[in-house]
Structures are given as C-alpha cells and as structure tokens.
Amino acid sequence: MTDECASCSGHINKGFLRIMDMLPEDIIGRDIMRFFCTDSLNLFHDYYREALVTGNPVRFDSLHAATAFTIFLSGWCIPRYVDGAFNGIICTFTDISEQYTTKVKLSESETRFRSIAETATDGIITVNKSGEIIFWNRAATFIFGYTGHEVLGKNIFCIMPENIMNDHGKIFAAPEKSYTNDAIGRTVEGRAKRKNGTIFPIEISLASWKIVSDIYFTAIIRDITHRKHIEKSLQHSEQELKNLSSRLLNAHEQERKRLAYELHDGLGQILSAAKIGVKTMLDGKKKQKVSDRKPSADNLLAVIQSAIDEVRRISRDLRPSILDDLGIIAAINSFCIDFERVNSPITVSRAIEARDEDIPEQIKIVLYRITQEACTNIVRHSHADRVTVKLSSVSGAIQLSIHDNGTGFDVQAIQAIKESGRGLGLSSMKERVEFSGGVFTLTSLPEQGTTVQALWPQARTAT
Ligand SMILES: Nc1ncnc2c1ncn2[C@@H]1O[C@H](COP(=O)(O)OP(=O)(O)OP(=O)(O)O)[C@@H](O)[C@H]1O
Ligand SMILES: [Mg+2]
C-alpha cells in the first residue's frame, strides 16, 4: 500500500517481495515509482494519478519492473477509503513475464510471416475449417482482383467456383472433410476465377495445420496464364519446325529430282546429239571431202554451245555466280532485266537505293531468292503487267519490297490450307527471312495486287 506521495507503507505482502526479490527494508518508505524502468515509469505514474484523482481502480498491464531480471507486471491501482476518507492506494502486481515474452515472440513471428506473405509474388490465402477466407495477401489481390477487405470472411467459392474446381479446390473449399487428403504438400495445376469473371490457369500448393481441434488450410497460388501461353506457342512452333523440316527434306528431294531431269532431259539429250554428230562425222570421214564435212561440224558446234549454255543455266539456278562476281545489286538488276525480257508484257520498275557494302553477306542470297520466288509467283499466279522492285538501306536497316498490280489473293485462305497441300514458295521466303534475323510481311488484296516485304531492322548485327 502507498500514500498520496506514492511512498510504500508497511503493508507489503510476501508475494510482492518474492516477485521483486527484495526484503521489506528495501521497499518500505521508498517511492513505488522507483521499482519501474524508465520506459514504464511514466505509464505507471499516469495510472497511479488516475486512481488518485478519480478514486476508481485503474488497471495496468505489461509494465517493465526495475529488477536484476527482466520482469513484466500487470495489476491494479485501487484507492482505499476508511470512513469515507482517503487512506492510500493498494497496488496489486502479477508477474506476467512468461506470457509477455510469449506474446512478444508471437507478435514478432506474425510480423515476420506477414512481411514475407505480403512481399511474396504468389497469392497466399488461408481458410478456416468452413472454407472461409481468413488471410489474403497482396499478391492474391493482384492475381484475383479482390482486395482483402472484399474477400475476408467469404467462402473460397468466390475464387474457385465448384464447376471449375479440381480436387485441390474441393479440399480447399471443405477442409474439414479432407484433412488427410494426399493432395496436401503437392503442387498441382487447376483453374480459378478472377473478380471480373475470367477463368484462368493456376498452380496451387496446399498446406494444412491445426490449432487445438481447428483445421486451417493455406494455399500458395500462382497465376500461370503467361506460362501456359508460352508453353502453347512453344508446342506450336515445335510442330511448325517439325513440319518445316519434313517439307524441307521433301523440297531437297524434289530439287534433286528436278536436277536429275534437267541433266537427263537437257544436258543428256544435247550430249547424245553431239555424240551422234561426232560418230556420223567419223563414219563418213574417209569418203567425205573436208568442205563437205563443214556443215556437220557447224551443227556440232551449235550443239556443244547449247550444252555450255545449259550447264550455265543450271549452275546459275543453283548459285547465281553474278552474286559472287558483281554483287547483289548487279544480280538483282540483271535478274529484273532478264525477267522483263522473258515475260513481256510485264514491265519491271526498279528503285535500288542500297550499296553492296551495306548488305551483310548472309542476307545477299536471301534477297536474291526472295526476288526470284516473288517474281516467279507473279508470272505464275498474278496476271500482273507491272512489277516494282525496291531495295533500300537506311540507318543500318535493309528493306526489300516487291509489288505487283495483279489479281491478288486471300492470304489467310492460302495459309489455312494444310501444309502438305500448298506450295512451298511463301513459307520458304518467310523462313529464309526470319532465319536471317529479318521480318517477312505479305500483303495482298483482291484486284489490288500483292506486296512481298522483307525487313532487317538491324542488318549490321544480323547473324
Ligand atoms: N503474286 C501473287 N499473286 C497472286 N497469287 C499469288 C501470288 N503469290 C502467291 N500467290 C498465291 O499463293 C499460293 C502459294 O504460293 P507459293 O509460292 O507458296 O506456292 P506455289 O507458287 O503455288 O508453289 P511453289 O512456290 O511451291 O512452286 C499460290 O498458289 C497462289 O495462289
Ligand atoms: Mg511459288
């Protein structure tokens, strides 16, 4: 018990002496404020004054005592009156050091958990045994579109409706029934619903825990929309690659066959004719005068010349030598001139604004092949009478565009045809351009012609 000045009187029980580990003479007559550490002293002082002024009991909690050990106290300041007159203040004390330490540790660990949960990029959601949401982190808000305020206390069905739920979702929605389910601890894929109603793919891992007899489930949820998208396009391009390589093999085979026919039907026939001519000359040489043999020799010369022309034609098709001898600009110019001559009445306008040295080696052959294929398509399919070939090099970017004023065609309809049933030219142009680091564009409109475009935005760094 203390007086108005907070000095301890003789009424001190053994419990207080034990808590403070002191003797009565250490306490009697001394200011009770001295038994509190500075951080708690002012607080105790306020409670004490309040009891004194109001005459009512005032409770205090978790105050730090000034003892050799760390002790936390809670208790009451109770004003005492005798015959209506103030007689002093009875202070009761309970040592709550153990509960206090546990409370502090609990609060620290909760702060730690919250800070981890709030900075996590995966959604972390906890439900109680009825499937009601009791924890919802920031990432969950980002993924689902609901704020914690909107979903806390609601059933998990709001993000996992029954019709899209997989087994994990079911456990999550009714944990009580499935506490022992083997899905716990595993990560599986499923689907969930956002606030705006869209259904999207998720990856979900479940953990369960019990406090006394209550079961809680925590789910870590990852939005895998982007991953699924990438997986799908990867599968698609893998399939495309497979198709392409089998078509390329096929094209190689066709090319060999074509070459074999050309050698057989062209060069082979010419050489046979030459052989027959030589044989005829040899057979008749004894009887014939030199002047009589001249016409046969002239014929033979013409046959040999056509053999030379044929070899040139075939080898130019395989690798245009003009590309190596004179460069890509001359090669394209020469191709356009020949194309116009052979395919009259088609006229070809050229706008070549690039120099050989601007164009990296590996792009040169691509430019040539695109020009060849696009022009071949024009002759075969377009009924055009005007073609424009443009080649430019501006700030490291190279652009080739070939336009015709022909019938045009439905690009999507052609692309929709099964690969085995359509030509190879368009996809081969696209592949060549993309493989060399460029972008291929094909635009065609009925009656407005077709434009084939290849662009290398940074040709200098192209591989
Ligand atoms: N310039 C064009 N004008 C009109 N139609 C075109 C033109 N270029 C292509 N096409 C259409 O697109 C189709 C596909 O062309 P692609 O070059 O891929 O194959 P192809 O020319 O038929 O055969 P390949 O090139 O394999 O010998 C053509 O069959 C034609 O219908
Ligand atoms: Mg073609």
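Residues numbered from 1 in each chain as written. Chains lettered and ligands numbered in written order. Predicted model: local features only at pLDDT ≥ 70, side-chain atom pairs only at ≥ 80, totals over all residues.

1. Quick notes on the packing of helix 12 (residues 361–382) against helix 14 (residues 425–435)
1) Next: Two elements in contact, helix 12 and helix 14, have axes separated by 10 Å at closest approach and are oriented at 160°. Judged by the angle between their axes, helix 12 and helix 14 are roughly antiparallel. In this structure, helix 12 meets helix 14 at a crossing whose hand is left-handed. Residues V366, R369, I370, E373 and N377 of helix 12 form the contact with helix 14, whose own contacting residues are G425, S428, M429, R432 and V433.
2) Next: Residues belonging to the contact of helix 12 with helix 14 are distributed by class as follows: four nonpolar, three polar and three charged. (Axes fitted to C-alpha atoms, helices over the stretch in contact; angles between N-to-C directions. Helix = DSSP H or I, 4+ residues; strand = E, 2+ residues; numbered from the N terminus. Parallel < 35°, antiparallel > 145°, perpendicular 65-115°, else oblique. Left-handed = near helix turned anticlockwise from the far one by under 90°. Contact = placed C-beta atoms within 7 Å. Nonpolar A, V, L, I, M, F, W, Y, C, P; charged D, E, K, R; others polar.)

2. Considerations on the environment of F217
1) Next: Looking at the secondary structure, you find F217 in strand 8 (residues 214–223).
2) Next: For the pair F217 and N333, spaced 116 residues apart in sequence, the C-alpha separation works out to 74 Å.

3. Examining the nonpolar core
1) Next: Membership of the largest hydrophobic core comes to 27 residues, with the highest contact counts inside it found for I363, L367, I370, V387 and I402.
2) Next: Counting residues per element, the ones that place at least two in this core are helix 11 (328–342), helix 12, strand 10 (386–394), strand 11 (397–404), helix 14 and strand 13 (449–456).
3) Next: With 19 residues, the next largest nonpolar core counts I125, I133, V151 and I156 among its residues. (Core = buried A, V, L, I, M, F, W, Y, C linked by C-beta atoms within 7 Å. Buried ≥ 20, exposed ≤ 12 C-beta atoms within 10 Å, placed from the backbone.)

4. Re unusual backbone geometry
For residues that are not glycine, phi is negative in most cases, and the peptide bond is trans in most cases.
1) Next: Residues S344 and P345 are joined by a peptide bond in cis, for which omega reads 10°.
2) Next: In this fold, P345 is placed in the loop between helix 11 and strand 9 (347–353).
3) Next: In this model, D21 sits at a positive phi of 55°, which is unusual for a non-glycine residue.
4) Next: Backbone geometry places E447, a non-glycine residue, at a positive phi of 65°.

5. Concerning the sheet that holds strand 6 (residues 187–193)
1) Next: Ordered by their spatial adjacency, five strands build an open sheet running 5-4-8-7-6, and the pairing between neighbours is antiparallel. Bordering the open sheet on either side are strand 5 (133–136) and strand 6, each of which pairs with just one other strand. On average, each strand axis in the sheet is inclined to that of its neighbour by 35°, with strand direction left out of account. (Pairing = 2+ DSSP bridges.)

6. So, the confidence of the model for the chain
1) Next: Across the chain, the average pLDDT comes to 86, with 91% of residues at or above 70.
2) Next: Element-level mean pLDDT values for the chain span from 60 in helix 7 (residues 167–173) up to 97 in strand 11. (pLDDT = per-residue confidence, 0-100.)

7. Describing the pairing of strand 6
The side chains of a regular strand alternate, residue by residue, between the two faces of the sheet.
1) Next: Bridge analysis of strand 6 against strand 7 (residues 199–211) gives seven bridges, and the strand direction is antiparallel. In the strand pairing of strand 7, A192 is matched with F200.
2) Next: The hairpin turn running from strand 6 into strand 7, its antiparallel successor, is five residues long, and G197 in that turn takes a positive phi close to 95°.

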